Amino acid sequence: MKTGRDVIERALFLLGYTNASGGFDNIRDAALFKRGVAAVIQIYEDLKRIDRMGDSLAILNSMNEEIRLSPETVSDVMPYGVAMLIAQNEGDWDSQALFSSIYSRKRLSVPGKKMKIADVLPRGGQ
């Protein structure tokens, strides 16, 4: 899983928003995919600030573009956040609550950026 489209499809699969054969109908589900695009962008903006491989200035221009986050974050964290937002938009409150809880826990596992700690305490007159 590398692209925004992959993340949307995984989120819809997790939500069970598929047809009888477990696939997606691009025409029937076009509105879901459209809302999924907004959800991917929002979750990407959230995660790129904390992911060690995230580029805080990078913009996701297309759902076919590779997402510039760590592979673990893209495959194991993003789909749950996207599922949470799609369920919220659909008024599926049970799924929204479930995926919100899962996303919050998984978000803590994002491999973080190294923080520099500086000593900024004032010293005496030496």
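See above for the structure.
Rules behind the numbers
- As a convention, each chain's residues are numbered from 1 in the sequence order in which they are written.
- Since the coordinates come from a predicted model, pLDDT governs what is reported: local features require at least 70, and pairs of side-chain atoms require 80 or more to be given and counted, while whole-chain, interface and lining totals use all residues.
- Just so you know, side-chain values use all the structure's heavy atoms and leave hydrogens and water out.
- Numbered from the N terminus, helices here are DSSP runs of H or I no shorter than four residues, and strands are runs of E no shorter than two.
- Buried residues are those whose accessible area, probed at 1.4 Å on protein chains only, stays under 20% of the maximum for their type, while exposed residues exceed 50% and partly exposed ones sit between those limits.
- Only heavy atoms enter the contact rule, under which two residues are in contact if any of them lie within 4.5 Å.
- Take the buried Ala, Val, Leu, Ile, Met, Phe, Trp, Tyr and Cys residues and link them wherever side-chain atoms come within 4.5 Å; each set so joined is a nonpolar core.
- Whenever a nitrogen or oxygen atom comes within 3.5 Å of another N or O atom, the pair is scored as a polar contact, on the condition that within protein one atom can donate a hydrogen and the other can accept it, and that pairs from neighbouring residues in sequence are kept only if both atoms are in side chains.
- Salt-bridge detection follows one rule: a side-chain nitrogen of Lys or Arg within 4 Å of a carboxyl oxygen of Asp or Glu.
- Structural elements are reduced to axes, namely lines fitted to C-alpha atoms, with helices fitted over the stretch in contact, and the angle between N-to-C directions of any two is expressed from 0 to 180 degrees.
- Relative orientations are named as follows: roughly parallel for angles under 35 degrees, roughly antiparallel for angles over 145 degrees, roughly perpendicular for angles from 65 to 115 degrees, and oblique for any other angle.
- It is the rotation of the near helix from the far one that decides the hand of a crossing: anticlockwise by less than a right angle makes it left-handed, clockwise makes it right-handed.
- Only Asp, Glu, Lys and Arg are considered charged, only Ala, Val, Leu, Ile, Met, Phe, Trp, Tyr, Cys and Pro nonpolar, and every remaining residue, Gly among them, polar.
- In this scheme, a helix's expected span is set at 1.5 Å multiplied by one less than its residue total.
- By definition, the arc is the one covered by directions from the helix axis to the C-beta atoms.

A. Here's a closer look at the overall build of the protein chain. Of regular secondary structure, the protein chain possesses five helices and zero strands. For the protein chain, the sequential pattern of α-helices and β-strands runs α-α-α-α-α. C-alpha extents for the protein chain along the principal axes are approximately 75 × 30 × 20 Å. In the protein chain, which comprises 126 residues, the proportion classed as buried is 39%. The contacts in the protein chain between residues at least 6 apart in sequence include a share of 62% that link residues at least 24 apart.

B. Region of the structure containing the nonpolar core. Val40, Ile43, Leu47, Ile67, Met78, Val82 and Ile86 are the most contacted members of the largest nonpolar core, which totals 32 residues. Here this core gets eight residues from one element, more than from any other, and that element is helix H4 (residues 78-90). In this view, Ile67 contacts Lys2, Thr3, Gly4, Val7, Tyr44, Leu60, Val74 and Met78; residues no more than four positions away in its chain are not counted.

C. Region of the structure containing the side chain of Thr73. Checked against the element boundaries, Thr73 lands in helix H3 (residues 71-76). Within polar-contact distance, the side chain of Thr73 engages the side chain of Asp51 at 2.6 Å. Setting aside its immediate chain neighbours within four residues, Thr73 contacts Leu47, Asp51, Met78, Val110 and Pro111.

D. A look at the pattern of salt bridges. Taken as a whole and assessed by the stated rule, the structure comprises eight salt bridges. The closest approach of N and O atoms between Arg107 and Asp46, which form a salt bridge, is 2.8 Å. Residue Arg107 is found in helix H5 (residues 93-107), and its partner Asp46 is found in helix H2 (residues 30-48); the two are separated by 61 residues along the sequence. A single network of salt bridges, built from pairs that share partners, joins Asp46, Arg49 and Arg107.

E. Representation of the packing of H2 against H4 in the model. Running from N to C, H2 and H4 point in directions that differ by 130 degrees, and their axes come no closer than 8 Å. Of the possible angle classes, the one that applies to H2 and H4 is oblique. With respect to the hand of their crossing, H2 and H4 are arranged in right-handed fashion. Facing Leu32, Arg35, Gly36, Ala39, Val40, Gln42, Ile43, Tyr44 and Leu47 of H2, the residues of H4 in contact are Met78, Gly81, Val82, Met84, Leu85, Ile86, Asn89 and Glu90. Class assignment of the residues belonging to the contact of H2 with H4 gives a composition of eleven nonpolar, four polar and two charged.

F. Broad picture of helix H1 (residues 4-15). Taking 1.5 Å per residue, twelve residues should reach 16 Å; H1 reaches 17 Å between its end C-alpha atoms and fits that length. Among the residues making up H1, those that are buried are Gly4, Val7, Ile8, Ala11, Leu12 and Leu15. One face of H1 carries all of its buried residues, which in axial projection span an arc of 130 degrees. Residues of H1 that are buried make contact with H2, H3, H4 and H5. Following H1 by one or two positions, Gly16 has its phi on the positive side, about 80 degrees.

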